[in-house]
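Chain by chain, the residues:
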Amino acid sequence: MVGGGSQLKCTNSTCLYSSDWFPVVQGKPALIDFETSVISKDAFLASDGASIVERPKTKPGFAQSLKRKLQGTNKAARNCAKLLGEMTGGDGEDKLVLVIGGGRQSDAVQVLRSCPHLKLVVSDIYLTEHTLLAADGHRLPFESEAFDAVWIEAVLEHVLDPNLVVSEIERVLKPNAFVFADSPFMQQVHEGAFDFTRYTVSGHRFLFGNFEMINAGFSGGAGTALLWSLRYFARAVTGSDRF
């Protein structure tokens with residue numbers, strides 16, 4: 001890549017978007033093909049790369065910390081992160097992991113970061129202290145067979161074309177590489193207009209039909225679904241998100 005002030009241009013003949021200049025925001029590249037993406041370049045630059053959806057603070061306050069303790073965390077994803085570390089650490093070589101939708105660092109991604117042989121490339125459609133770059137999962141700005149694993153947690157419900165995103169994941173993975181994907185089914189609409197799809201276990205398996213399944217299961221059970229329902233019922237009756 002060559003720089004042009006607040007922009008970058010790829011000069012390698014293997015670049016996917018060789019004719020495009022990419023903006024640099026917050027000192028990080030936005031490697032998004034804005035000509036084909038639903039992400040607006042003007043809106044992205046106007047927000048300085050920040051999310052247009054209001055999100056909790058990076059360092060949660062007392063109320064957020066209490067809420068987190070009461071609701072619990074995604075233990076299934078954390079266990080899968082540990083398993084990924086174990087399955088990729090046998091040959092003593094560093095492994096490159098692409099995290100799609102890592103603007104908010106999950107507990108599982110923290111586990112991945114703790115594995116010394118795993119090198120994370122964290123991307124999202126917006127920029128935070130956790131991301132290395134901005135990218136659109138529908139058209140990933142990476143060469144084919146570039147990664148040893150892909151981690152996509154609670155993201156596929158928010159993309160317009162999940163099949164295209166999974167196809168891109170398959171393209172950037174090396175042969176016999178790994179993917180972890182976590183998507184909701186019994187969760188109500190969240191992130192407003194940027195929520196599109198739900199999957200049953202069978203539907204999720206069909207989506208990843210070109211992959212061999214190592215394991216599948218639930219990251220939240222009946223108690224989680226009930227808690228979500230009660231929260232959304234209270235919100236609907238009172239009109240108060242805080243309540």
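Up top you'll find the structure we're talking about.
Residues numbered from 1 in each chain as written. Predicted model: local features only at pLDDT ≥ 70, side-chain atom pairs only at ≥ 80, totals over all residues. Heavy atoms only, no water.

1. Comments concerning the overall build of the protein chain
Working step 1: Looking only at helices and strands, the protein chain has seven helices and nine strands in total.
Working step 2: Across the 243 residues of the protein chain, 40% fall into the buried class.
Working step 3: In the protein chain, 61% of the contacts between residues at least 6 apart in sequence involve partners at least 24 apart. (Helix = DSSP H or I, 4+ residues; strand = E, 2+ residues; numbered from the N terminus. Buried < 20%, exposed > 50% of the residue type's maximum accessible area, 1.4 Å probe, protein only. Contact = heavy atoms within 4.5 Å.)

2. So, the nonpolar core
Working step 1: Ranked by size, the top nonpolar core spans 24 residues in total, and within it L98, I100, F142, L156 and I169 carry the most contacts.
Working step 2: Here the element with the most residues in this core is helix α5 (residues 162-172); it accounts for four residues.
Working step 3: When residues no more than four places from it in sequence are discounted, the contact partners of L156 are P162, V165, V166, A181, S183, T197, H204, L207 and F208.
Working step 4: Of all hydrophobic cores here, the second largest spans 17 residues; its members include L84, L118, L120 and F178. (Core = buried A, V, L, I, M, F, W, Y, C linked by side-chain atoms within 4.5 Å.)

3. Observations regarding helix α7 (residues 222-238)
Working step 1: Between the first and last C-alpha of α7 there are 24 Å, a value that for 17 residues agrees with the 24 Å anticipated at 1.5 Å per step.
Working step 2: Among all positions of α7, only A225, Y232 and A234 are buried.
Working step 3: Looking one or two places after α7, you find G239, whose phi comes out positive at around 70°. (Expected span 1.5 Å × (residues − 1).)

4. So, a nonpolar patch on the surface
Working step 1: On the surface, V38, I52, L160, F194 and F196 cluster together into a nonpolar patch covering about 520 Å² of accessible area.
Working step 2: Within the secondary structure, L160 is located in the loop between β8 (147-153) and α5. (Patch = residues over 30% accessible without salt bridge, like charges linked within 9 Å, V, L, I, M, F, W, Y side chains within 5 Å. Areas by Shrake-Rupley, 256 points an atom, 1.4 Å probe, with all protein chains shown as cover. Salt bridge = Lys/Arg side-chain N within 4 Å of Asp/Glu carboxyl O.)

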